[in-house]
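A look at the structure
Chain residues, written in single-letter form:
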Amino acid sequence: MSSGERQRSASERREALKEVLAQARGCVRCSELAATRKTVVFGMGNADADLMFVGEAPGANEDEQGLPFVGRAGKLLDKLLEEIGLERGDVFVVNVLKCRPPGNRDPLPIEISNCQEYLLRQVELIEPTVICTLGNFSTKLLRGDPTGITRLHGQPEVRVIGARAVRLYPIYHPAAALYTPRMLETLREDFARLPELLALGAPEQPLSQEAEVPQPDVPEPVEAASVPEEPVGAEREPAAARSEQTATEVDQLGLF
Ligand code: URA
């Protein structure tokens, strides 16, 4: 075992993240998502952050702006961060899926599987101390176990993600707490424990920290086993009318 010191310099980390971002922007692994997205929502925040949040998937606002958690759930996330003395610039925020599922449907297992290399690479490069999973999808993926968030929220555990040991901390998704005052209270209580968790520092790292982490390469399209029809009302421009990653190109990574 070794200490949790970072393996890369800040500039190496940023360069490597930009390469993964470029790969994600060209990704067509999920043909439906690639055809319907406006932007690839890679993630945003401080690439040197000790604390990383992993949500589910971009919604309409995120797809529009190319940034994660910019809608109502994002506003709540910002408020909860502020209550513990943090802001977006102190953390890095990503999702399990980098593309919006049409009509905000749940991510499909094949989509989660297609996208997970990007998430693993983000963890590997940012080297966080604490990963806070928001809701069921990220919790189940990163724990590799179907146990749901209701049983797990607020209970930190050391887990090896890719090659890095982190303190994994599942909490409710802010979107779930928007309309349920009791859930919001629980989320707030769980949030309040984040500073003490961060103060513990990184857990001991496995000796094989240099182990290979899968690099997403330019992937072939992979079809979802079954592609549900787009729900009524989910209007979209035809793909040809959309300009991919333009206005948000420069600042997609926020403080990156
Ligand atoms: N919900 C998520 O899980 N992610 C976002 O980026 C926005 C809402």
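Quick look at the structure, then. (Residues numbered from 1 in each chain as written. Predicted model: local features only at pLDDT ≥ 70, side-chain atom pairs only at ≥ 80, totals over all residues. Heavy atoms only, no water.)

As for its position among the elements, leucine 120 is in helix α5 (residues 109-126). The exposure class assigned to leucine 120 is buried, which follows from its relative accessible area of 18%. Distance in space between the C-alpha atoms of leucine 120 and valine 96 is 9.8 Å, their sequence separation being 24 residues. (Helix = DSSP H or I, 4+ residues; strand = E, 2+ residues; numbered from the N terminus. Buried < 20%, exposed > 50% of the residue type's maximum accessible area, 1.4 Å probe, protein only.)

Structurally, arginine 25 is set in helix α1 (residues 10-25). The exposure class assigned to arginine 25 is buried, which follows from its relative accessible area of 15%.

Considering soluble globular proteins, one finds that nonpolar side chains tend to be buried as a cluster. Core analysis: the biggest nonpolar cluster contains 32 residues, and Met52, Val54, Leu119, Ile131, Leu142 and Ile161 have the highest contact counts within it. Within the residue set of this core, elements represented by two or more residues are α1, β2 (51-55), β3 (91-95), α5 and β6 (164-171). The element best represented in this core is α5, accounting for 8 residues. Here valine 54 is in contact with Val94, Asn95, Val96, Leu119, Ile131, Cys132, Thr133, Leu134, Ser138 and Leu142, once residues within four sequence places are set aside. Counting residues in hydrophobic clusters, the runner-up holds 23 residues, among them Leu51, Leu80, Leu134 and Ala177. (Core = buried A, V, L, I, M, F, W, Y, C linked by side-chain atoms within 4.5 Å. Contact = heavy atoms within 4.5 Å.)

Here the focus is the packing of aromatic side chains. Following the criterion strictly, the structure yields 1 aromatic pair and no others. Note on phenylalanine 53 and phenylalanine 191: the rings are 5.8 Å apart at their centroids and 15° apart in plane angle, and the pair reads as stacked. Here phenylalanine 53 is found in strand β2, whereas its partner phenylalanine 191 is found in helix α9 (residues 181-192), with 138 residues between them in sequence. The pair phenylalanine 53 / phenylalanine 191 is uniform in exposure class, with both members buried. (Phe/Tyr/Trp six-rings, centres within 6.5 Å; stacked < 30°, edge-to-face > 60°.)

What follows is about the pairing of strand β5 (residues 157-161). In terms of strand pairing, β5 meets β6 through 5 bridges, oriented antiparallel. When the bridges of β6 are listed, valine 158 appears paired with arginine 167. Here β5 folds back onto β6 in antiparallel fashion, the turn holding 2 residues, of which glycine 162 has a positive phi close to 65°. (Pairing = 2+ DSSP bridges.)

Lining the immediate surroundings of the ligand are Gly55, Glu56, Ala57, Glu62, Pro68, Phe69, Asn95 and His173. Contact distances for the ligand include 2.7 Å between an oxygen atom and a backbone N or O atom of glutamate 56. Measuring from a nitrogen atom of the ligand, one finds a side-chain N or O atom of asparagine 95 at 2.8 Å. Contact with the protein chains covers 90% of the free accessible surface of the ligand, which is 240 Å². Counting atoms within 2 Å of the grid points, the majority share of the ligand lands in the largest pocket. (Near = heavy atom within 4 Å. Polar contact = N/O pair within 3.5 Å; in protein donor to acceptor, adjacent residues only side chain to side chain. Areas by Shrake-Rupley, 256 points an atom, 1.4 Å probe, with all protein chains shown as cover. 1 Å grid on protein atoms, 1.4 Å probe; cavity = no way out; pocket = protein on both sides within 12 Å on 5 of 7 lines; lining within 4 Å. Sits in = over half its atoms within 2 Å of the grid points.)

Before going further, it helps to examine α1. The end-to-end C-alpha distance of α1 is 22 Å, a good match for the 22 Å that 16 residues give at a rise of 1.5 Å each. All of the buried residues along α1 are Arg13, Arg14, Ala16, Leu17, Val20, Leu21, Ala24 and Arg25. Contact partners of the buried residues in α1: α5. (Expected span 1.5 Å × (residues − 1).)

As a further point, take the pattern of salt bridges. Taken as a whole and judged by the stated rule, the model has 18 salt bridges. We note a salt bridge from arginine 105 to glutamate 32, for which the minimum N-O separation is 2.6 Å. Of this pair, arginine 105 sits in the loop between β3 and α5 while glutamate 32 is found in helix α2 (residues 31-36), placing the two residues 73 residues apart along the sequence. Of the charged contacts, one joins arginine 105 and glutamate 111 as a salt bridge, the two residues approaching to 2.7 Å between their closest N and O atoms. Accessibility classification places arginine 105 together with glutamate 111 in one group, the buried group. Overlapping salt bridges bring together Arg13, Arg14, Asp48 and Glu127 as one network. (Salt bridge = Lys/Arg side-chain N within 4 Å of Asp/Glu carboxyl O.)

Before going further, it helps to examine empty space enclosed by the protein. Tallied over the full model, the rule gives 1 cavity of 30 Å³ or more. Around the largest cavity, the lining is made up of 15 residues, and of these Cys27, Cys30, Arg37, Cys99 and Cys115 lie nearest the centre. When contributions to the lining of the largest cavity are tallied by element, the ones reaching two or more residues are α2 and α5. Top element by residues in the lining of the largest cavity is α5. It accounts for 3 residues. (Points joined across faces, edges and corners; volume = space filled by probe spheres on them.)

With that out of the way, let us pick up the sheet that holds β3. Taken together, 6 strands build an open sheet; the order of strands is β1-β3-β2-β4-β6-β5 and the sheet is mixed. Only two strands of the sheet have a single neighbouring strand rather than two, namely β1 (44-45) and β5.

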